[in-house]
Amino acid sequence: DQQVKQNSPSLSVQEGRISILNCDYTNSMFDYFLWYKKYPAEGPTFLISISSIKDKNEDGRFTVFLNKSAKHLSLHIVPSQPGDSAVYFCAARGDYGQNFVFGPGTRLSVLP
Amino acid sequence: KAGVTQTPRYLIKTRGQQVTLSCSPISGHRSVSWYQQTPGQGLQFLFEYFSETQRNKGNFPGRFSGRQFSNSRSEMNVSTLELGDSALYLCASSEDGNSGNTIYFGEGSWLTVV
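This section reports on the structure supplied with the text. (Residues numbered from 1 in each chain as written. Chains lettered and ligands numbered in written order. Predicted model: local features only at pLDDT ≥ 70, side-chain atom pairs only at ≥ 80, totals over all residues. Heavy atoms only, no water.)

**Structural notes on the overall build of chain A**
Helix and strand counts for chain A stand at zero helices and eleven strands. Going from N to C terminus, chain A has its helices and strands arranged as β-β-β-β-β-β-β-β-β-β-β. Computed over its C-alpha atoms, the radius of gyration of chain A comes to 13 Å, within 12% of the 13 Å expected for a compact globule of 112 residues. Considered along the principal axes of its C-alpha atoms, chain A spans approximately 40 × 30 × 20 Å. Residue burial in chain A is summarised as follows: out of 112 residues, 45% are buried. Carbon and sulfur atoms make up 48% of the accessible area of chain A, which amounts to about 5,300 Å² in all. (Helix = DSSP H or I, 4+ residues; strand = E, 2+ residues; numbered from the N terminus. Rg over C-alpha atoms; globule rule 2.2 N^0.38 Å. Buried < 20%, exposed > 50% of the residue type's maximum accessible area, 1.4 Å probe, protein only. Areas by Shrake-Rupley, 256 points an atom, 1.4 Å probe, with all protein chains shown as cover.)

See below:
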């Protein structure tokens, strides 16, 4: 049973446009969420986080939105750049001491 | 601050052998987690150590084990290797594993079982 879902395996976007990556979760106890970017043969790189007390967090070109009632979060990248082409994972965790649960990832391709 | 360091980066083992992977967390981080990523799969949680104690464990067979030392460095061991164990093994560290702590990954150890 997948607790964290990323229903789009892949996404293609034109350079300069907005990329929107979606993530849904089923466990209402999750209260802290992370997004990672991963290039082939490298470890995931942390991008941005959001806790359940917020509905939005921004860091440069990256913004994460959280809709707790819908158990949905999204990562917006504006403007998209070719270097953003990677696999993006969302992750969620509940109470202290619990492990992060990762989604299966979405492969983003930003076309020049 | 140095990041999470994993060794070795690449290794090839034969079916039936055992392997030990090492992870040095970011200085000051006391929680270390291990994940497995296989081609086309997401990150599957193996286990987490905090203050030398295993705090959480994923759904992997007993062939997968780990430990953490007093300096927070961690090792994982896979015994009786199977072809399906070929994967990228990722180590991640955080300050204390608190819900609000971000985890930071190393570059991973690529294991190929032949």
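**Section: the pairing of strand β8 (residues 72-77) of chain A**
Residue and element names in this part refer to chain A. With five of six residues buried, β8 lies mostly within the body of the structure. As paired elements, strand β3 (residues 19-25) and β8 share six bridges and run antiparallel to each other. If you follow Asn 22 over to β8, its bridge partner there is Ser 74. In this sheet, β8 lies alongside strand β7 (residues 62-67) in antiparallel orientation, the contact comprising six bridges. In the sheet register, Thr 63 faces β8, and the bridge partner there is His 76. (Pairing = 2+ DSSP bridges.)

**Some details on the state of the cysteines**
Here the structure, examined in full by the defined rule, presents two disulfides over all chains. Residue Cys 23 of chain A pairs covalently with Cys 90 of chain A via a disulfide, S to S 1.9 Å. On the S-S bond that ties Cys 23 of chain A to Cys 90 of chain A, the torsion sits near 65°, and the link is right-handed. Taken together, the residues span a long stretch of sequence, with Cys 23 of chain A in strand β3 and Cys 90 of chain A in strand β9 (residues 86-93) at a distance of 67 residues. Given a relative accessible area of 2%, Cys 23 of chain A falls into the buried group. On the accessibility criterion, Cys 90 of chain A (1% relative accessible area) is buried. Covalently, Cys 23 of chain B is tied to Cys 91 of chain B through a disulfide, its sulfur atoms 1.8 Å apart. Classification of the bridge connecting Cys 23 of chain B and Cys 91 of chain B rests on its S-S torsion, roughly -60°, and on that basis the disulfide is left-handed. With Cys 23 of chain B in strand β3 (residues 19-24) and Cys 91 of chain B in strand β9 (residues 87-94), the pair connects residues that are 68 residues apart, well separated along the chain. Residue Cys 23 of chain B shares its accessibility class with Cys 91 of chain B, and that shared class is buried. (Disulfide = S-S within 2.5 Å.)

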